[in-house]
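Listed here are the chains, written in short residue letters.
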Amino acid sequence: MLRAPRRARGLLDGTPRRAPAANAAVCYSTACGRAAEDAVAAYAGMLARGVRPDAYTFPSLLKAVARASGAASAAAANAIARAVHAHVVRLGLGRNAHVASALVAAYAAAGDGAAARALLDACGAGEGAAVAWNALISGHSRGERLGESCCAFVDMVRAGVTPTPATYVSVLSACGKGRDVLLGMQVHKRLVQSGVLPDLAVGNALVDMYAECADMDVAWKLFDGMPVRNVVSWTSVIFGFVRIGQVDRARALFDCMPERDAIAWTAMIDGYVQAGRFMEALEMFREMQHSDVMADEFTMVSVITACAQLGALEMGEWARVYMGRHGIKMDVFVGNALIDMYSKCGSVERALDVFQVMHNRDKFTWTAIILGLAVNGYGEEAIDMFHGMIKVSEAPDEVTFIGVLTACTHSGLVDKGREFFNSMIGDYRIAPNVMHYGCMIDLLGRAGKIAEALETICKMPMRPNSAIWGTLLAACRVHGNTEIGELAAERLLELDPQNSMAFILLSNMYAKSNRWEDVRQLRQMIMEKGIKKEPGCSLIEMHGIIHEFVAGDTSHPMCDEIYSKLEKVLSDLKNAGYVPDVTEVFIEVTEEEKQKVLYWHSEKLALAFALISSEPNETIRIVKNLRMCLDCHNAVKLISKIYDRQVIVRDRTRFHHFRHGSCSCKDYW
């Protein structure tokens, strides 16, 4: 990544005209994948030591600049390319074909197509023409200007320059990244006519292009017909099946691979993450370690993401230690993933620690910490962080504003929320989507402004979805607005007739108003319609192992101890005044049976297990797949007080930080 373009430019501008350089060190710097700034700094240092650069020095240096251009701003990368170009001219190497091609690639990668094309035209139509055209095509592709890369290939053919295998690899890569399967098919046809095939690199590029474009029938046919395959061939097909959601087929292929590198392992780990199969992703990572293949930063982003989704803080911490032990750098992507992981595990302090030590931050870094603070109830801090983002001239995007609006919701800052919403539209020209409106409905609903929330829904430029009506219904339940609550439930059930949560919230609302006949009729309706509540599931990590509980679970090896502990906990709760809330139990059984159903909810089982297995001062962290029920919420509040334990529950709607008998959600969720 080009971390400090001004400093790099200054290093070049400040070197003496005839100061010497050491070519090998620059080549070594770039070959090791170091940042462009480091390569430029090494070049400047070598100039100061007295060896004159030659035709081998600049291609390596310019390659580093081209690699960094995708991560840096176009203007900054272009400034570096021009500074290097000035040195090339000053040293009389401007007509060297290899140096000129490297300059073409650097300019194209930096977005200066005009300069790149001018240099290409100056190269003429001699033997080096194909090399220069290849540099233009690959440079545009590296700079993520995929359309220009494809157009350059068309211009090359029209200019009568014969494409080389390297040309085809570059243009097929651009077609794949740009999902331009039609042009890719034309290139494929030309390839067949050219006689270039069979060529392993070109064959791999063809398979990868079709896989990127999700045309796995053709990709598989090509792969199956390859006379020679390598790890790249196999990995391209695995990526393709992962992309279209066929993870099990990808795994079957992976198991058949004659050899596997870090990229292949990462493809499978990330495939499980994308499919929501997070425990299998972590198991695959364990297998990778046993195979003695070294993970890289891309692997670790996928592993850390899996930990985040599972709430596996210990495993996430271990992954961070693993990175340090094996010298895996914490780049901005890893840093962002760590912030997200710590936030999703409810460890805001550690998320802030990572943020503070990150030397390079992008808008995703700022957005991750703002969202992390917001969802954990640190609204004021999230807003302060947003102002810090603006101060460093990092432009917020639509996701950033979701974080800021969520922060306003958790802090009850209605006027501030309106201000941010209007600023997003007026100052940043970001059109609000349904999630932004959802934040506003939540903000107004929390503040008891139910009528204004309904009015906002009616003025939405898009059709309200079930999440919007569900948010309004939840607000009506808390504030006892039965009239609008019934309307919200009606609209919600029109969109999602099997939504059990609508019936639960409506029943709670009726129960609070002592409308027991309506509660009875609602339960009868649920029975007649055959509506079933989604099974509840709670995850808890203990000593690096994920334990999963469902309601009434008897499969855990410590089942007897867990239920024995739960009986003791329930006894302590009742002595403290706990009365079970059965308003969310819809099955037709006796009151005693309803209470038993509540006692065996998955989060209570997970909590009993944690009380047995953890140290007295250890924070208990639980991830629940559904909204926490009223009874469990009341019970955990009391448990946090009786046992003097901090309990963090991440449910489907928000985080609950239980301390000393109260919850961070202030009983609104």
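Going by the structure above, here's the rest.
Notes on the structure in this doc start here.

What counts and how
Residues numbered from 1 in each chain as written. Predicted model: local features only at pLDDT ≥ 70, side-chain atom pairs only at ≥ 80, totals over all residues. Heavy atoms only, no water. Phe/Tyr/Trp six-rings, centres within 6.5 Å; stacked < 30°, edge-to-face > 60°. Helix = DSSP H or I, 4+ residues; strand = E, 2+ residues; numbered from the N terminus. Buried < 20%, exposed > 50% of the residue type's maximum accessible area, 1.4 Å probe, protein only. Salt bridge = Lys/Arg side-chain N within 4 Å of Asp/Glu carboxyl O. Expected span 1.5 Å × (residues − 1). Contact = heavy atoms within 4.5 Å. Polar contact = N/O pair within 3.5 Å; in protein donor to acceptor, adjacent residues only side chain to side chain.

Structural notes on the packing of aromatic side chains
Next up, step 1: A full pass over the atoms with the stated rule returns 15 aromatic pairs.
Next up, step 2: Considering the side-chain rings of Phe-285 and Tyr-322, the 5.5 Å spacing of their centres and the 80° angle between planes classify their relative orientation as edge-to-face. Here Tyr-322 lies in helix H19 (residues 313-325) and Phe-285 lies in helix H17 (residues 278-290), a separation of 37 residues in the sequence.
Next up, step 3: On the accessibility criterion, Tyr-322 (5% relative accessible area) is buried.

Remarks on the pattern of salt bridges
Next up, step 1: The final tally for this structure, using the stated rule, is 28 salt bridges.
Next up, step 2: The residue Arg-251 makes a salt bridge to Asp-255 at a minimum N-O spacing of 3.0 Å. Here Asp-255 and Arg-251 lie together in helix H15 (residues 247-256), a separation of four residues that amounts to about one turn.
Next up, step 3: Residues Arg-418 and Asp-415 are paired through a salt bridge, measuring 2.8 Å at the closest nitrogen-oxygen approach. Remark: Asp-415 and Arg-418 occur in helix H25 (residues 414-426); sequence separation between them is three residues, near one turn of the helix.
Next up, step 4: Residue classification places Arg-418 among the partly exposed residues on the basis of a relative accessible area of 25%.
Next up, step 5: Salt bridges linked by common partners bring Arg-117, Asp-121 and Asp-155 together as one network.

Comments concerning helix H28 (residues 466-479)
Next up, step 1: Here H28 is 14 residues long and its end C-alpha atoms lie 20 Å apart, about the 20 Å a rise of 1.5 Å per residue gives.
Next up, step 2: The complete set of buried residues in H28 reads Ile-468, Trp-469, Gly-470, Leu-472, Leu-473, Ala-474, Ala-475, Cys-476 and Arg-477.
Next up, step 3: Of the surrounding elements, those touching the buried residues of H28 are helix H26 (434-446), helix H27 (450-458), helix H29 (482-495), helix H30 (500-512) and helix H35 (630-642).
Next up, step 4: Once H28 finishes, Gly-480 follows within two positions and takes phi at roughly 70°, a positive value.

What to know about unusual backbone geometry
Next up, step 1: Backbone torsion omega between Leu-197 and Pro-198 reads 0°, so that peptide bond is classified as cis.
Next up, step 2: If you trace the backbone, Pro-198 turns up in the loop between helix H11 (181-194) and helix H12 (200-212).
Next up, step 3: Even without a glycine there, the phi angle at Glu-144 is positive, about 65°.
Next up, step 4: One can find Glu-144 in the loop between helix H8 (129-142) and helix H9 (146-158).
Next up, step 5: Among the residues examined, Glu-144 registers a relative accessible area of 52% and is labelled exposed.
Next up, step 6: One non-glycine residue with positive phi stands out, namely Ser-393, at about 65°.

Side note on helix H6 (residues 97-109)
Next up, step 1: With 13 residues, H6 should reach 18 Å at 1.5 Å per residue; the first-to-last C-alpha distance of 18 Å fits that figure.
Next up, step 2: Among the 13 residues of H6, 11 are classified as buried, and the element is accordingly described as predominantly covered.
Next up, step 3: For H6, the complete set of buried residues consists of Val-99, Ala-100, Ser-101, Ala-102, Leu-103, Val-104, Ala-105, Ala-106, Tyr-107, Ala-108 and Ala-109.
Next up, step 4: Of the residues that open H6, the one with a side-chain oxygen 3.0 Å from the backbone nitrogen of His-98 is Asn-96.
Next up, step 5: In the stretch just after H6, Gly-111 is the one whose phi turns positive, near 90°.

Shape is all these values report; function is a separate question.
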